[in-house]
Amino acid sequence: GYFHVENPEDSFFLPKGWSKGVCWINGFNVGRYWKRGPQQTLYVPKPLFKQGRNEVILLELDGADRDGVEFCSHPVLDQLQHGDESNE
């Protein structure tokens, strides 16, 4: 998918609603995510963003509860999503 950035800044990808996978921003792999952790946000440094149109690719392995992406200005360190342990 694509998203628009007015003023590029350091940011954090918040995989809320996504289960388990890998995230790329403008062709750069920013890391893996999993609702069980350990990381809850992925750091995206300012130089990876372009002013205007940016690309995000998510390789989702377990299915998602949403179809959009979310970024925040600070890391999230204490909000793990616990899923069904038998499927993970």
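Starting afresh in each chain, residues are numbered from 1 along the sequence in its written order. The predicted nature of this model means local features are confined to residues of pLDDT at least 70 and side-chain atom pairs, given and counted, to a pLDDT of 80 or more, with totals for whole chains, interfaces and linings taken over all residues. The side-chain values count all of the structure's non-hydrogen atoms but skip hydrogen atoms and water molecules.

Student: Quick question: what am I supposed to make of the overall build of the protein chain here?
Tutor: Secondary structure summary: the protein chain contains 0 helices and 7 strands in total. A run of DSSP states H or I qualifies as a helix once it reaches four residues; a run of E qualifies as a strand once it reaches two. Both are numbered from the N-terminal end. Starting at the N terminus and ending at the C terminus, the protein chain contains elements arranged as β-β-β-β-β-β-β. Relative to its 88 residues, the protein chain shows a buried fraction of 35%. Partitioning the intrachain contacts of the protein chain with sequence separation of at least 6 by distance along the chain shows that 76% fall at a separation of at least 24. For the protein chain, the computed accessible surface area is about 5600 Å², with 50% contributed by carbon and sulfur atoms. Partly exposed residues are those whose accessible area sits between 20% and 50% of the maximum for their type, while under 20% is buried and over 50% is exposed, using a 1.4 Å probe and protein chains only. Residues count as neighbours in contact if any of their non-hydrogen atoms are within 4.5 Å of one another. Each accessible area value is a Shrake-Rupley result obtained with a 1.4 Å probe; residue values ignore everything except the protein chains displayed when judging cover.

Student: Honestly, the sheet that holds strand S5 (residues 42-44) in this entry has me stumped. Any pointers?
Tutor: Strand pairing follows a simple DSSP-based rule, namely that at least 2 bridges must link the two strands. The strand order across the open sheet built from 3 strands is S5-S2-S7, with neighbouring strands paired in antiparallel fashion. Only two strands of the sheet have a single partner each, and these edge strands are S5 and strand S7 (70-72). This sheet shows a mean twist of 40° between the axes of neighbouring strands, independent of strand direction. In this sheet, S5 lies alongside strand S2 (residues 11-14) in antiparallel orientation, the contact comprising 3 bridges. Following the sheet pairing, Phe12 is matched in S5 by Tyr43. Note on method: axes are straight lines fitted to C-alpha atoms, helices fitted across the in-contact stretch only, with angles between N-to-C directions ranging 0 to 180 degrees.

Student: Can you help me understand the pairing of strand S6 (residues 52-60) in this one?
Tutor: For a regular strand, side chains alternate in direction, first toward one face of the sheet and then toward the other. Pairing between strand S1 (residues 2-5) and S6: 4 bridges, direction antiparallel. Across the sheet, the residue bridging to Phe3 is Asn54, located in S6. The sheet contact formed by strand S3 (residues 20-25) and S6 spans 5 bridges and is antiparallel. Considered in S6, the bridge of Trp24 is made with Ile57.

Student: In this structure, what is going on with the packing of aromatic side chains? I would like to understand it.
Tutor: The description of two aromatic rings rests on the distance between their centres and on the angle between their planes. The aromatic pairing rule takes the rings of Phe, Tyr and Trp, using the six-membered ring of Trp, and pairs them if the centres are within 6.5 Å, calling planes under 30 degrees apart stacked, those over 60 edge-to-face and the rest tilted. This structure, assessed with the given rule, holds 6 aromatic pairs. Ring centres 5.4 Å apart and planes at 50° place the aromatic pair Phe12 and Tyr43 in the tilted group. Pair noted here: Phe12 is in strand S2 and Tyr43 is in strand S5, with a separation of 31 residues, a long-range link. Among the residues examined, Tyr43 registers a relative accessible area of 41% and is labelled partly exposed. Sitting over the ring of Trp34, Lys20 keeps its end group 4.8 Å from the ring centre. Any Lys NZ or Arg CZ that is within 6 Å of a ring centre and within 35 degrees of that ring's normal is treated as a charge sitting over the ring. The ring of Tyr2 carries Arg53 above its face, with NZ or CZ at 3.6 Å from the centroid.

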